[in-house]
Structures are given as structure tokens and as C-alpha cells.
Amino acid sequence: MILHRIARSGRFTRTRGDLMKAVRYDRFSGIDGIYLADVPEPVAGPGEVVVRVQAAALNPGALPALHGSSYTPGRDLAGEVVAADVPGFTVGEPVLGRLQSWDAHAQFVAIPADQLVSKPPALSWDVAGSLHTTPMAGLGALRAVEPRPGETIVISGASGGVGFTAAQLALRAGATVIGLTSAAHFDLLRHHGIKPVQYGDGEQERILATTDRTDAFIDTVGGGYLDLALNLDVPADRINTVVDYRGAKEKGVKSLGTTDAGGLPALAELAALAAAGDLHIPIAATYPLTAVRNAYQALADRKTHGRIVLHPQDLG
């Protein structure tokens, strides 16, 4: 890798790239279709920054793409700047952000500068590489329903990535949070000040036994939770789902998420909260790049609580 400084501009470009390892997927055959390839290291194009990736989280939305979905899920990542074709970035600077491409699962990526923010020094690589897609969805959902001090909000899937972030942020807004989850996660929610309620048959009665009113509702699961919210007399404009888009349209409720959270300023806000210990992003497991199939299998199995993160510089 060779870097070239452009005179008086403070920018860097890469003039030659060596080969690197990158995850590739070019056939719809599920997890077995994922493989590692040797490809040229990327060069920073106009408005781009090349990042040496230290951590890149997997997101559940990637799973349908393995079976033919046309959707290309976003990829979270964090690492150090190694080259830039824009001002404002320095070589060695730690950054975090996203890339709407499979290319994020590689040792180096070229990424538009407007998709990156600086990483706070106190923030771990694993959390930094997990902050965009899922936590930003939680923030977008929270901003959709705007919980106020003294109000009560119910969140389905409160121990999941989106719901857990939304619940913590709702508490910071001064709301009381009731989290629908399994009994296995009751202690986790209680530890963070969230009131757990067992999900499943009879959950409406259990919610009503916990609170005399529900002011807002966030659904991160789907499968009938919009009806539950309406049955709890929550106003339609205080209900948001991040999964049931058809139901949202039919019932006149909101369906805001990652792209509605507030962009780079919001991502920087989440990074600052996480670095200060005011937002907990659990990391369930980490994998070297060579174990990418195992990482995706763990994601598909849904037996872990927290983010699953690849370490692209670790080749196992």
C-alpha cells in the first residue's frame, strides 16, 4: 500500500493497492454461498475515504439477501482512515459508519465521506462497528413516537437490538418503559430500568396489570403488535413499527427507522452516548473474517443476545 499526499490539500489518495481478503456473495444459495476472495485493495474515488476495517457487525436484514432478495442491506463498520480524497480526514483517524454494500465485509473499504463520523477514543471497535443499522433504527423509532417525561411506552422485542436501544433512549427521555420479552431477558431489562412483561398469549392483560395507560408503542417484531397497540388505546400517531410496513400503511401508523434517525449527527450522538456508558450495545460474539459463514449461521440461529461482529484484520 502506497499513500500519496496531494500538495497543500491535506488529502491522501492510494496510488497502488495490494490484494486483500473480502467476503463475496454472487449466487443465491444461502449461507453456503458466502466465500472469501482475494481482491485488489480499493482506491479512494472522488469524495471517498479508504478505511482499514477493524470491526463490522452483521445485521438480520442481510439474511433474506442470501436467498434472493433484491435488497442490499446496510453494513456497519469501524476502522482507521488509510487514504482520503476529501478534506477533513487524516490518515490513522478512527472512524465509524456504514456502507450499503457487501464490500463492508473486507479488510479495506472505500466509503463516501458523508457516511462516516469520528470514533470517540473510549468507544470499543466492536461497538463502533455495530452502531449504525440497528441502534439507528431504535433511535428513528423513538423519534417517531416522541415519548415525554412521565409517559409510558411499550416496546415489543425490547431485548432485541432495535428495541433495547429504543428502550434505553426512552428512559433517557424520562418515560417509563415496559418491555415485551421472554423471561430469559427479564434480569437484563430490569438492570437497565425497563419493566419486563412476558410476551405471548395474554400480554395485553399483563401490560394492563402493569400500567393504567400506554402513551406510545414501538413494534420491533411484527405479527399483530400494531393491533395490540391500538387495543391499548394508543393514538395512531404515537405508534411506530420498524418491521410491519404493510400493517402500518393499512392502520395509519408510522414506520420510521434507520434512515429517519437523523443521519450523521444522530450517529455521532449514539457514539458519544455509548462511549460515555450511557447506551449499552451488547456484543454477543466476534469472528475472524475466515469464519464469516459461522458468523452468519449464528445470526440465523438467533440464539444470542447482542451484536455479532466480524474482525476483518483477523484471518484466523
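Cut-off values and rules
- Residues numbered from 1 in each chain as written.
- Predicted model: local features only at pLDDT ≥ 70, side-chain atom pairs only at ≥ 80, totals over all residues.
- Heavy atoms only, no water.
- Helix = DSSP H or I, 4+ residues; strand = E, 2+ residues; numbered from the N terminus.
- Core = buried A, V, L, I, M, F, W, Y, C linked by side-chain atoms within 4.5 Å.
- Buried < 20%, exposed > 50% of the residue type's maximum accessible area, 1.4 Å probe, protein only.
- Contact = heavy atoms within 4.5 Å.
- Phe/Tyr/Trp six-rings, centres within 6.5 Å; stacked < 30°, edge-to-face > 60°.
- Lys NZ or Arg CZ within 6 Å of the ring centre and 35° of its normal.
- Pairing = 2+ DSSP bridges.
- Axes fitted to C-alpha atoms, helices over the stretch in contact; angles between N-to-C directions.
- Salt bridge = Lys/Arg side-chain N within 4 Å of Asp/Glu carboxyl O.
- Expected span 1.5 Å × (residues − 1).
- Arc of directions from axis to C-beta.
- Parallel < 35°, antiparallel > 145°, perpendicular 65-115°, else oblique.
- Nonpolar A, V, L, I, M, F, W, Y, C, P; charged D, E, K, R; others polar.

As a further point, take the environment of arginine 52. Looking at where arginine 52 falls in the secondary structure, it is placed in strand β5 (residues 48-57). Each C-alpha atom of the pair arginine 52 and proline 94 lies 9.4 Å from the other, and the pair is 42 residues apart in sequence.

Burial of nonpolar side chains together is a common tendency in soluble globular proteins. Leu96, Leu123, Leu131, Ile153, Ile155 and Ile218 are the most contacted members of the largest nonpolar core, which totals 38 residues. Contributing elements (two or more residues each) for this core: α1 (125-128), α2 (133-145), β10 (152-156), α3 (161-172), β13 (216-219) and α8 (263-275). Not counting chain neighbours up to four residues away, the residues in contact with isoleucine 153 comprise Val145, Ala170, Ala175, Thr176, Val177, Ile178, Ala216, Phe217 and Ile218. Grouped together as the second largest cluster of nonpolar side chains are 27 residues, Ala37, Ala56, Ala83 and Ala104 included.

In this section: the environment of alanine 44. Within the fold, alanine 44 resides in the loop between β4 (34-40) and β5. Among residues more than four places away in sequence, those in contact with alanine 44 are Val50, Ala84 and Asp85.

This brings us to the packing of aromatic side chains. In total, this model carries one aromatic pair according to the counting rule given. Here lysine 119 stacks its cationic end above the ring of tryptophan 125, 4.8 Å away from the centre of that ring.

Among the ten residues of strand β6 (residues 75-84), ten are classified as buried, and the element is accordingly described as predominantly covered. Two strands pair when backbone bridges link them, and β5 and β6 are joined in this way by six bridges, in the antiparallel orientation. Residue pairing across strands places arginine 52 opposite glutamate 80, the latter belonging to β6.

Looking now at the sheet that holds strand β14 (residues 239-241). Across the sheet, five strands lie side by side as β12-β11-β10-β13-β14; this open sheet has parallel pairing. Every interior strand has two partners, whereas the edge strands, β12 (195-198) and β14, have only one. Along the sheet, successive strands turn relative to each other by an average axial angle of 20°, direction set aside. Sheet topology places β10 next to β13; three bridges connect them, and they run parallel.

This paragraph deals with unusual backbone geometry. With the exception of glycine, the majority of residues adopt a negative phi angle, and the majority of peptide bonds are in the trans configuration. For glutamate 146, which is not a glycine, the phi torsion comes out positive at approximately 45°. Position of glutamate 146 among the secondary structure elements: in the loop between α2 and β10. Here aspartate 233, not a glycine, exhibits a phi torsion of approximately 65°, which is positive. Here aspartate 233 shows up in the loop between α6 (225-231) and β14. Classification of aspartate 233 as exposed rests on a relative accessible area of 65%.

Now for the pattern of salt bridges. Enumeration over the complete set of coordinates arrives at nine salt bridges. For the salt bridge of arginine 52 with glutamate 80, the shortest nitrogen-to-oxygen distance reads 3.7 Å. Residue arginine 52 is found in strand β5, and its partner glutamate 80 is found in strand β6; the two are separated by 28 residues along the sequence. Given the relative accessible area of 25%, arginine 52 is considered partly exposed. Note that glutamate 151 and arginine 148 form a salt bridge whose closest N and O atoms lie 3.1 Å from each other. On the accessibility criterion, arginine 148 (41% relative accessible area) is partly exposed. A cluster of three or more residues bridged by salt bridges with shared partners is formed by Arg148, Glu151 and Arg238.

Over its 13 residues, α8 extends 18 Å from the first C-alpha to the last, a length consistent with the 18 Å expected when each residue adds 1.5 Å. Within the sequence span of α8, burial applies to Ala266, Leu267, Leu270, Ala271, Leu273 and Ala274. In a view along the axis of α8, the buried residues occupy a sector of 165°, so they form one face of it. Close packing links the buried residues of α8 with β7 (94-99), β9 (116-118), α1, α2 and α3. One or two residues past the end of α8 sits glycine 277, with phi positive at roughly 85°.

Once that is clear, we can look at the packing of α2 against α8. Following both chains from N to C, one finds α2 and α8 inclined at 110°, their axes separated by 10 Å at the closest point. With respect to each other, α2 and α8 are oriented roughly perpendicular. Taking contact as the criterion, the partners of Pro135, Met136, Leu139 and Arg143 in α2 are, on α8, Gly263, Ala266, Leu267, Glu269 and Leu270. Residue composition of the contact of α2 with α8, by class: six nonpolar, one polar and two charged.

Geometric values such as these leave the question of function open.
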